[in-house]
Amino acid sequence: MDSQILQQRIRLGEDSTLELKQIVFRGAQKVIEPHPDGLSDELAAFANANGGTLVLGVDDKTLTATGIPAEQMETLKSWLRGIVNDRITPPLEILTENVELPNAAGERVTVIVVSVPRSLWIHESANGYFRRVADSKRKLTPDVLARLFQQRSQARLIRFEEQGVADTSLDDADALLLRRFLRQHEGDERKQLRRLHLLADLEGQECLSIAGVLLCTEKPVNWLPSAYIQAVAYSGVNNDPNEQLDAKDFDGPLDRQLWDAFDFVRLNMKVPARKEFGRVDYPQYSLRAVFEALVNAIVHRDYSIWGGRIRLHMFADRLELYSPGALPNSMTVESMQAMSLPRNDVLSSLFSRYYPVRDSGLGREYLMDRRGSGVDVILAESEKLSGKKPLIEMIADMELRVTIYAAKI
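Here the residue numbers are simple positions, counted from 1 along each chain's written sequence. In keeping with the model being predicted, local features are shown solely for residues with a pLDDT of at least 70 and side-chain atom pairs are shown and tallied solely at 80 or more, while totals for entire chains, interfaces and linings include all residues. Where side-chain values are given, they derive from all heavy atoms of the structure, hydrogens and water being excluded.

- For the protein chain, the name recorded in an unreviewed UniProt entry is ATP-binding protein, with Thiothrix subterranea as its organism.

1. Observations regarding the overall build of the protein chain
And step 1. Along the protein chain, the regular secondary structure elements total eleven helices and 21 strands.
And step 2. Each principal axis of the C-alpha distribution contributes one length, and for the protein chain these read about 85 × 60 × 40 Å.
And step 3. To sort residues, take the accessible area from a 1.4 Å probe on protein chains only and compare it with the maximum for the residue type: under 20% means buried, over 50% means exposed, and anything in between is partly exposed. Taken across its 409 residues, the protein chain has 49% of its residues classed as buried.
And step 4. Contacts are assigned to residue pairs that have any heavy atoms within 4.5 Å of one another. Taking contacts inside the protein chain between residues at least 6 apart in sequence as the whole, the part at least 24 apart equals 63%.
And step 5. Only the protein chains shown count as covering a residue, and every accessible area follows the Shrake-Rupley method with a 1.4 Å probe. Within the structure as shown, the protein chain displays about 20,000 Å² of accessible surface, and the carbon and sulfur contribution to it stands at 49%.
And step 6. A residue counts as positive if it is Lys or Arg and as negative if it is Asp or Glu; His and the chain ends are not included. In plain terms, the charge of a residue is placed at NZ if it is Lys, CZ if Arg, CG if Asp and CD if Glu. One way to put it: in the protein chain the 51 positive side-chain charges average out to a point 3 Å from where the 58 negative ones average out. Helical segments are the DSSP runs of H or I of at least four residues, strand segments are the runs of E of at least two, and each set is numbered from the N terminus.

2. Some details on the pattern of salt bridges
And step 1. The term salt bridge refers to a pairing of a side-chain nitrogen on Lys or Arg with a carboxyl oxygen on Asp or Glu at a separation within 4 Å. By the definition in use, this model includes 22 salt bridges.
And step 2. For Glu 19, the salt bridge is made with Lys 21, and the minimal N-O distance between the two is 3.3 Å. Across the pair, Lys 21 and Glu 19 agree in class, each one buried.
And step 3. Across the pair Arg 318 and Asp 317 runs a salt bridge whose closest N-O atoms are separated by 2.9 Å.
And step 4. According to the relative accessible area criterion, Arg 318 is buried, its value standing at 15%.
And step 5. Accessibility expressed as a relative area gives 34% for Asp 317, which makes it partly exposed.

3. A few points about the UniProt feature "domain: Schlafen AlbA-2" (unreviewed entry) in the protein chain
And step 1. UniProt positions are given in the numbering used here, feature names are shortened, and annotations may be inferred rather than shown by experiment. UniProt feature "domain: Schlafen AlbA-2" (unreviewed entry): in the numbering of this structure it lies at residues 14–140.
And step 2. Secondary structure within residues 14–140 divides into 21% helix and 39% strand; the distance between the first and last C-alpha atoms comes to 21 Å.

4. Brief notes about the pairing of strand 11 (residues 136–139)
And step 1. Being paired, for any two strands, means DSSP has found at least two bridges between them. Of the strand pairs in this sheet, strand 10 (residues 128–133) and strand 11 are connected by four bridges, and their pairing is antiparallel. If you follow Arg 132 over to strand 11, its bridge partner there is Lys 137.
And step 2. Turn length for the strand 10-strand 11 hairpin, with the two strands adjacent in sequence and antiparallel, is two residues, and the turn residue Ala 134 shows positive phi of about 55°.

5. A word on the packing of aromatic side chains
And step 1. Classification of ring pairs rests on two measures: the distance between centres of Phe, Tyr or Trp rings, Trp counted by its six-membered ring, which must be within 6.5 Å, and the angle between planes, read as stacked under 30 degrees, edge-to-face over 60 and tilted in between. Scanning all chains against the criterion turns up eight aromatic pairs.
And step 2. On the basis of an interplanar angle of 80° and a centroid distance of 5.9 Å, the ring pair of Trp 259 and Phe 262 is categorised as edge-to-face. Residue Trp 259 and its partner Phe 262 are both found in helix 8 (residues 254–268); the two are separated by three residues, about one turn of the helix. For the pair formed by Trp 259 and Phe 262, the shared burial category is buried.
And step 3. Relative to Phe 291, the ring of Trp 259 lies with its centre 5.3 Å away and its plane at 35°, an arrangement referred to as tilted. With Trp 259 in helix 8 and Phe 291 in helix 9 (residues 287–300), this pair connects stretches of sequence that are 32 residues apart.

6. A look at the nonpolar core
And step 1. In terms of nonpolar packing, the biggest core is built from 66 residues, with Phe 181, Leu 198, Leu 215, Phe 291, Leu 312 and Phe 351 touching the most fellow members.
And step 2. Take this core: its biggest share by element is eight residues, from helix 9.
And step 3. Beyond its immediate sequence surroundings of up to four residues, Leu 198 is in contact with Phe 181, Leu 193, Cys 207, Leu 208, Ser 209, Ala 211, Gly 212, Leu 215, Cys 216 and Leu 350. We define the nonpolar core as a collection of buried residues of types Ala, Val, Leu, Ile, Met, Phe, Trp, Tyr and Cys that are connected through side-chain atoms lying within 4.5 Å of one another.

7. Describing helix 9
And step 1. What a helix should span is 1.5 Å times the count of its residues minus one. Between its first and last C-alpha atoms helix 9 spans 20 Å; for 14 residues at 1.5 Å apiece the expected length is 20 Å, and the two agree.
And step 2. With respect to burial, helix 9 is a largely interior element, eleven of its 14 residues being buried.
And step 3. The complete set of buried residues in helix 9 reads Ala 289, Val 290, Phe 291, Glu 292, Ala 293, Leu 294, Val 295, Asn 296, Ala 297, Ile 298 and Val 299.

8. Thoughts on the state of the cysteines
And step 1. Sulfur atoms of two cysteines make up a disulfide when they are within 2.5 Å. For the coordinates displayed, the defined rule picks out zero disulfides.
And step 2. Summary of cysteine pairing: Cys 207 is not part of a disulfide, and the nearest cysteine sulfur, belonging to Cys 216, is at 13 Å.
And step 3. Owing to a relative accessible area of 3%, Cys 207 belongs among the buried residues under this scheme.

9. Quick word on helix 11 (residues 374–386)
And step 1. The end-to-end C-alpha separation of helix 11 is 18 Å, in line with the 18 Å expected for 13 residues at 1.5 Å each.
And step 2. Listed in full, the buried residues belonging to helix 11 are Gly 374, Val 375, Val 377, Ile 378, Leu 379, Glu 381, Ser 382 and Ser 386.
And step 3. At the exit of helix 11 stands Gly 387, carrying a positive phi of roughly 85°.

10. Comments concerning the confidence of the model for the protein chain
And step 1. Per-residue confidence from the predictor is reported as pLDDT, which spans 0 to 100. Averaged over all residues, the pLDDT of the protein chain equals 89, while 92% of them reach at least 70.
And step 2. Element-level mean pLDDT values for the protein chain span from 56 in strand 16 (residues 273–274) up to 98 in strand 14 (residues 229–234).
And step 3. Segment residues 154–158: pLDDT under 50, and ten contacts once partners within four positions in sequence are set aside and those in other chains are kept.

11. Overview of the sheet that holds strand 10
And step 1. Spatially, 9-10-11 is the arrangement adopted by the three strands of the open sheet, whose pairing is antiparallel. In the strand order of this sheet, the two ends are held by strand 9 (124–125) and strand 11, each with one partner.
And step 2. By the bridge criterion, two bridges tie strand 9 to strand 10 in an arrangement that is antiparallel. Across the sheet, the residue bridging to Ser 125 is Gly 128, located in strand 10.
And step 3. Every axis in this analysis is a line fitted to C-alpha atoms, fitted for helices over the stretch in contact. Angles between the N-to-C directions lie between 0 and 180 degrees. Contacting strand 9, strand 10 and strand 11, helix 2 (residues 36–48) runs over the sheet at an angle of about 65° to strand 10.

12. Topic: the side chain of Arg 131
And step 1. Relative to the helices and strands, Arg 131 resides in strand 10.
And step 2. Classification of Arg 131 by relative accessible area gives buried; the value is 15%.
And step 3. Here Asn 48 takes part through its backbone oxygen, which lies 3.1 Å from a polar atom of the side chain of Arg 131. Whenever a nitrogen or oxygen atom comes within 3.5 Å of another N or O atom, the pair is scored as a polar contact, on the condition that within protein one atom can donate a hydrogen and the other can accept it, and that pairs from neighbouring residues in sequence are kept only if both atoms are in side chains.

13. Observations regarding the packing of helix 9 against helix 11
And step 1. Look at helix 9 against helix 11: their axes get within 8 Å of each other, and the N-to-C directions meet at 145°. In this structure, the crossing between helix 9 and helix 11 has a hand that is left-handed. In this structure, helix 9 uses Arg 288, Ala 289, Glu 292, Ala 293 and Asn 296 to contact helix 11, whose residues at the interface are Gly 374, Val 375, Val 377, Ile 378, Glu 381 and Ser 382.
And step 2. Taken together, the residues of the contact of helix 9 with helix 11 sort by class into five nonpolar, three polar and three charged. Crossing handedness is read from the near helix: turned anticlockwise from the far helix by less than a right angle, it gives a left-handed crossing, and turned clockwise, a right-handed one. Side-chain classes are defined by residue name, with Ala, Val, Leu, Ile, Met, Phe, Trp, Tyr, Cys and Pro counting as nonpolar, Asp, Glu, Lys and Arg as charged, and the others, Gly among them, as polar.

Right, dumping it as C-alpha cells:
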C-alpha cells in the first residue's frame, strides 16, 4: 500500500473498512495488547462484511504511528498467524505488508498493514459471529446470521429454497402446477419431486420445500408473505401517490408473477407510432431487457428476508426494479457481467428446463438462460433504445436496484 495514501486514511480515523491497533509487548516474545480474542473478532467482522484493513502499530486515539521494533516483527507475525488459524473458524485468509510511516517525532517506523478480503465464508471468531458496521464490530443476531449464511452459500449448510415449510404437504400443491415437473417413465411421482427439491422433510414429516411453495401453490404468500411483486405506475417522475396511474400486487406462483409483471409494463409503457413508411412503433423500453430484469429479480432475490418484496415502479422517464437481498457469494455489482452465481440454484435450474416462454420475440426457449447473459441483454438493449446505460446498484447491502431509462419519444 502506498504510504502517503495510508497516512491520509489514518489521519481521517477508523471507519467501516479501517481498524487501527497499537501493539504492546511484554519482554521480547509476548504480545499483551490487543487481546487475541478481541482482534480475532475484528478480523472476522471485516471478512463477514465487505472486507477491510487492519493497521498494527498505530494508536487509534492519537492516530499516530507507534511502530513495531524490527527485533519483534517475527514474534508479532507468528502471533497474528495463530489468531487467524486457531481463533477463527474457518481459518481466515489475510494479506500482510510492511510499511514505513513517520511517528510523532518524524522518525520512520514500521507498521504492518493487514488486508482482509470479503470472504465467501462466514467466520466465527473467539466471541461469536461479528460483522463490521461503521467503525466498530457488531454481533450478529441469529436471524441475520442465518440470512448471511444463505447469501454466501456456505458449503450447503443453509440452502434456503430446499428447506421444508412447516404445516404444508403435497396436498397443498396445485395438480396442474405439479404436472409440468412430472415425466412419464421416470419413476414414482414423489421421488421425482424430491429429486427436483420440491418436496422436503421437516421433523420427520414430508412437506413442500420453499421452492415447492413458490412454484407449485396458487398463493405462495399464504406461507411466505413477502413472496410477491408490488407494481406501481406513475404519470410523473416521483413516487407520489397523487400521480399514481395503476397499482397491482402479483402473488401467484413465480412464473405467473413474472408474466403478470411483464404485462403490467407492456400495458403501462408508452408505444407511439410513426407512419412515414408504414407504421413503426417506438416503445419506451426494450421488452427483452424488461423480461431479463424481471427474471433475474424473481430467481435471484433473497426469499429469506421477512418483509422484503420485489418492487416494480414505472415513472415517466424510467423504470425501477428492486430485488431484496445482497448479491450472493462473493459477487459484486462490477462483476455481474463477467460471472453468474445464482443464489437459488433450484429455481434457476427449473426455470431453465421446465418453463418454455410464450413470446418468441424474447429470443429464448425457456424463461431462464443457462448462459448467464441476462445482464448483458439488459445493458445493451436498454442503452440502444434510450441512449443511457441502465444503473445497477446495491442499497445498504440489502437490496439490488436496477434502473432502466425510458427512450425519449
